[in-house]
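Each chain, written out:
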Amino acid sequence: METQEEVRKAHNEALFRDANESVRAVQEDLGMPDGLMPFLCECNDPQCRTIVRLTTVEYEEIRAEPTRFFLAPGHPSAGKVVAEHSNYTVADKTGIGAEVAVETDPRKE
């Protein structure tokens, strides 16, 4: 049962990651200047709609690892916290969650 819950949470986080990839593409298409840009929190709460503001550099650093997700401070993740900043936290998925994250990575070739 725990594995099914981990998979569900990982898919929720991947869904938010996909939405943020679309947001990032629009920002790029519009030639928006670098600065703090709005993204959706990628926590595993499917009802979360919290906005996390990141620079393009911060966003791309997180996206460089398919198992990494960003969250609003204090929001839940089934991953291991690897970095905490004043406006966001970075979590790295492990186990079955990491497998789901890699399989669903929109940037995989």
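Everything below is about the structure printed above this text.
Here we summarise the structure given alongside this text. (Residues numbered from 1 in each chain as written. Predicted model: local features only at pLDDT ≥ 70, side-chain atom pairs only at ≥ 80, totals over all residues. Heavy atoms only, no water.)

**Let's talk about a nonpolar patch on the surface**
Under the convention used in this document: Only residues whose relative accessible area exceeds 30% and that form no salt bridge are eligible for patches; like-charged ones are grouped when within 9 Å, while nonpolar side chains (Val, Leu, Ile, Met, Phe, Trp, Tyr) are grouped when within 5 Å. Here the open area of atoms and residues is found with the Shrake-Rupley method and a 1.4 Å probe, where only the protein chains shown may cover a residue. When a carboxyl oxygen of Asp or Glu lies within 4 Å of a side-chain nitrogen of Lys or Arg, that pair is called a salt bridge. Starting at the N terminus, helices and strands are each numbered in turn, a helix being any DSSP run of H or I of at least four residues and a strand any DSSP run of E of at least two.
Together, V26, L30 and M32 line one region of the surface with nonpolar side chains, adding up to about 300 Å² of accessible area. The topology assignment puts V26 in helix 1 (residues 2-29).

**A few points about helix 2 (residues 56-63)**
Every α-helical turn comprises 3.6 residues, leaving residues that sit three or four positions apart pointing alike. Note the cut-off: Think of it in three bands: with a 1.4 Å probe and only protein chains considered, a residue is buried below 20% of the maximum accessible area for its type, exposed above 50%, and partly exposed in between. The directions from the helix axis to the C-beta atoms are what the arc is built from.
Three or more residues of helix 2 are buried, namely T56, Y59, I62 and R63. Relative to the axis of helix 2, the buried residues are bounded by an arc of 130° and lie together on one face.

**Focus on the sheet that holds strand 4 (residues 80-84)**
Heads up, the condition is: DSSP-based pairing: two strands are paired if at least 2 bridges between them are found. Orientation is described by lines fitted to C-alpha atoms, with helices fitted over the stretch in contact, and by angles between N-to-C directions that extend from 0 to 180 degrees. Residues count as neighbours in contact if any of their non-hydrogen atoms are within 4.5 Å of one another.
Ordered in space as 3-5-4, the three strands form an open sheet in which the pairing is antiparallel. Edge positions in the open sheet fall to strand 3 (68-71) and strand 4, since each of these has one partner strand only. Each strand of the sheet is rotated relative to its neighbour by a mean of 30°, with strand direction disregarded. Bridge analysis of strand 4 against strand 5 (residues 89-92) gives four bridges, and the strand direction is antiparallel. Pairing of A83 across the sheet is with V90, part of strand 5. Where helix 2 meets the sheet, its contacts fall on strand 3 and strand 5, and the angle it forms with strand 3 comes to roughly 140°.

**Some words on the packing of aromatic side chains**
How we decide: For Phe, Tyr and Trp, rings pair up if their centres lie within 6.5 Å, where Trp contributes its six-membered ring, and each pair is then called stacked (planes under 30 degrees apart), edge-to-face (over 60) or tilted (otherwise).
One pass over the full model with this rule turns up three aromatic pairs. Ring centres of Y59 and F70 lie 6.0 Å apart, and the angle between their planes is 70°; on these two criteria the pair is classed as edge-to-face. Within this pair, whereas Y59 is found in helix 2, its partner F70 is found in strand 3, the two being separated by eleven residues in sequence. Take Y59 and F70: they sit in the same class, and that class is buried. Three or more aromatic residues joined by ring pairs make a cluster, and in this case those are F39, Y59 and F70.

**Examining the side chain of E42**
Our working definition: Each polar contact in these results corresponds to two N or O atoms within 3.5 Å; when the atoms are within protein, one needs to be able to donate a hydrogen and the other to accept it, and residues that are neighboring in sequence are counted only if both atoms are side-chain atoms.
As for its placement among the helices and strands, E42 is situated in the loop between strand 1 (37-40) and strand 2 (51-54). Residue E42 is classed as buried on the basis of its relative accessible area, which comes to 0%. There is a polar contact of 3.0 Å between the side chain of E42 and the side chain of N20.

**Topic: the state of the cysteines**
Heads up, the rule is: A pair of cysteine sulfur atoms is labelled a disulfide when the two atoms are within 2.5 Å.
Evaluated as defined, the whole model comprises zero disulfides. There is no disulfide at C43, and the cysteine sulfur nearest it, in C48, is 3.7 Å away.

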